[in-house]
Structures are given as structure tokens and as C-alpha cells.
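Each chain, letter by letter, is given below.
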Amino acid sequence: MELHFSKYQGTGNDFILIDDRDQSFPQKTDLIQKLCDRKFGIGADGLILIQDHPNLDYRMIYFNSDGSQSLCGNGSRCGFSFAQTLKLVSDSATFETTDGIHQIRQDGEFVHFQLFDVSQLNHINDKEWYINTGSPHHIVIVENLSDTDIVPEGRRIRNLTTYSSQNGTNVNFAQLLQSKVKIRTYERGVEDETLSCGTGATAVGLMAGELGYESPVQIETEGGNLEVHFKKVADGYANIWLAGPAEKVFEGSVTI
């Protein structure tokens, strides 16, 4: 079977995009792992299927590079850009993905993805938080992000028994600056550092809101800049939007 694909990236978080409106793609874990492999496949942090939806603009099915599924903020933005090339949408859309139905829109060079309201922000201690923004995120505040060896510590926290019932957690390391927050992420499902994580940037942005930062919070990832917009309400945060670029890298075909 010849598979046509497009490759997209959102602040360095890269994805294989497939037009699966005929639902012919075999959703097999070993195939997804092979396609995402950076040495023996196309190479990506995740794989995204765009399908028709009976009531909405489209359905987006997201897989991490290990074949597991989760909400993906950067992937959702790239999925929308791909859906635009398929002529499914124009400047805005309503679509279904892993955790439910979301709104998304184009505003200049940025794609704005709306996440669900967040009411639980768990302040573990002076340096650590846990916030679920559709995917789980443990946040560690550090003094110097560039000197932090995040992979061993991220892997340790990801596998804490505290998080075993939810198949682990993503881990974000954040350095607080006057006008922005710099982050690096150890991503569950990739099991390594990624250049960016959209739901992680959102979690860090909400934590920054708790620490006095105003919306939109500027987030600097290893792969580029994101914005987290929100409205602080009595029981947490509402009207949460993740904004950033989504760019096509190349397209091609592969035999599967």
C-alpha cells in the first residue's frame, strides 16, 4: 500500500499528517512506531489522521510516536493547517480529538487552539506543580534551564508511582523570567525531550498566571515561541487558548 503523507511542525514539535477520510490507514502500533522512527522511518514526534466527521468540520486522531494516544496542542494546530490544505476548513473550525470537541482558528501567522477550562492546579511545593490541560503535566521550576539535564530527571518523575494510574505524566522544566517563561519538556509517549509541547506550554502558562503573570503569557520553547491566553475566574481558568505557528515541512509517499 502506497501511503501519501505530509510533514508539519509547530515550534519544532513534528508530526506526520495523513488524509484518512477514506479510513484506509491501518491503525497498528508497530506501523505507527516504524513511521515515526527517525532512523528507519519518516521521523516524527507523532502521527495524525484527519477524517470526516458526521457533524463537525473534521475528526483528528492523534498518536504519540510510541503508538499511544493523548491530547496534543501543537498537533492540533498542525492538524488544522493540514485540514485547510484539504479544503475542509477556511479560517476557523470545530473538530473532535482525543478528549472531545475543540474550537480552532487562524489569526495572522498564528493558529489559536482552545483548550478546556482548568479548575485544578495542584501546588506540590515551592518549585513543583501538577496541572492537567487535557494531558497531564508535572512542572518543575528551575533557576537555569540551559544547565538542567532534563532527560534523567524527567524520566524519573514521569514514572513516579503517583502517576502510574494514568500511564505516567509529561514533565516540564520552567525558568521564570520577567517578560516570559522558558520551558523544556520531557514528553510521555515520546520518552525523550521534545523541542516543544503545546499542552505543556499551556500548563506552564496557567502556573505563571497563578504567580502573577498576565495573559497572554509568552512561552519560549527550544523550538520557538508560543502564547497562552486565558481568563482567570473564581474556580480556575477559562477561555484558554494556545497560539503559535504551524508549518508544512515537506510531503512524500512511503510503502507500508
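Placed above this text is the structure.
Keep in mind it's a predicted model, so treat the numbers as computed, not measured.

Let us now look at the overall build of the chain. When you go through the chain residue by residue, the secondary structure sums to four helices and 17 strands. For the chain, the residues scored as buried account for 54% of the 256 residues in total. For the chain, long-range pairs separated by at least 24 residues make up 60% of all intrachain contacts whose partners lie at least 6 apart in sequence. Once the 21 positive and 35 negative side-chain charges of the chain are each reduced to a mean point, those two points are 2 Å apart.

Before going further, it helps to examine the packing of aromatic side chains. In the structure shown here, the tally under the stated rule is seven aromatic pairs. Summarising the aromatic geometry, the rings of Y8 and F82 are spaced 6.0 Å apart at their centres and angled 75 degrees between planes, so their arrangement reads as edge-to-face. Separated by 74 residues along the polypeptide, Y8 in strand β1 (residues 2–10) and F82 in helix α2 (residues 73–85) bring together distant segments of the chain. Its relative accessible area of 6% is what places F82 among the buried residues. The structure contains a cluster of three or more aromatic residues connected by ring pairs, namely Y58, F95 and F113. The positively charged end of R105 is found above the aromatic ring belonging to W241, 4.8 Å away from the centroid.

This part takes up helix α3 (residues 150–158). Within α3, the full set of buried residues consists of I150, G154, I157 and R158. Buried positions in α3, seen along its axis, are confined to an arc of 100 degrees and lie on one side of it. For α3, the secondary structure elements touched by its buried residues are β10 (136–141), β11 (170–176), β12 (181–187) and β13 (192–194).

In terms of nonpolar packing, the biggest core is built from 47 residues, with Y58, V181 and I219 touching the most fellow members. Here the element with the most residues in this core is helix α4 (residues 198–210); it accounts for six residues. Among residues more than four places away in sequence, those in contact with V181 are A174, Q175, L176, V204, A208, Y213, V217, Q218, I219 and E220. Counting residues in each nonpolar core, the second largest holds 15 residues, with L3, I16, I18 and I32 among its members.

Here we take up the pattern of salt bridges. Here the idea is simple: oppositely charged side chains can pair when their charged atoms come close. Counted by the stated rule, this structure contains 13 salt bridges. Salt-bridge contacts for E210 lead to K232; the nearest nitrogen and oxygen are separated by 3.5 Å. Pair noted here: E210 is in helix α4 and K232 is in strand β15 (residues 224–233), with a separation of 22 residues, a long-range link. Given the relative accessible area of 34%, E210 is considered partly exposed. Taking the shortest distance from any N to any O, the salt bridge between E251 and K248 comes out at 2.6 Å. What you see here is one network of salt bridges that share partners, running through K7, D14, R38 and D45.

Within strand β16 (residues 236–244), eight of the nine residues are buried, which leaves it mostly tucked inside the rest of the structure. Note that strand β7 (residues 110–115) and β16 share five bridges and pair antiparallel. Note on β16: the bridge partner recorded for Q114 is W241. Sheet topology places β15 next to β16; six bridges connect them, and they run antiparallel. Considered in β16, the bridge of K231 is made with A238. Where β15 folds back onto β16 in an antiparallel hairpin, the turn is made up of two residues.

For the structure shown, the criterion picks out zero disulfides. Distance from the sulfur of C36, which forms no disulfide, to the nearest cysteine sulfur (C72) is 11 Å. No disulfide involves C197; its nearest neighbouring cysteine sulfur is the one of C72, lying 6.8 Å away. Residue C197 is classed as buried on the basis of its relative accessible area of 3%.

On to the side chain of T94. Position of T94 relative to the elements: it lies in strand β5 (residues 92–97). Looking at T94, its side chain comes within polar contact range of the side chain of Q103, at 3.0 Å. In contact with T94, other than residues within four places in its own chain, are L56, D57, Y58, I101, H102 and Q103.

Reading the values: rules and limits
Residues numbered from 1 in each chain as written. Predicted model: local features only at pLDDT ≥ 70, side-chain atom pairs only at ≥ 80, totals over all residues. Heavy atoms only, no water. Helix = DSSP H or I, 4+ residues; strand = E, 2+ residues; numbered from the N terminus. Buried < 20%, exposed > 50% of the residue type's maximum accessible area, 1.4 Å probe, protein only. Contact = heavy atoms within 4.5 Å. Lys, Arg positive; Asp, Glu negative; His and termini not counted. Charge placed at Lys NZ, Arg CZ, Asp CG, Glu CD. Phe/Tyr/Trp six-rings, centres within 6.5 Å; stacked < 30°, edge-to-face > 60°. Lys NZ or Arg CZ within 6 Å of the ring centre and 35° of its normal. Arc of directions from axis to C-beta. Core = buried A, V, L, I, M, F, W, Y, C linked by side-chain atoms within 4.5 Å. Salt bridge = Lys/Arg side-chain N within 4 Å of Asp/Glu carboxyl O. Pairing = 2+ DSSP bridges. Disulfide = S-S within 2.5 Å. Polar contact = N/O pair within 3.5 Å; in protein donor to acceptor, adjacent residues only side chain to side chain.

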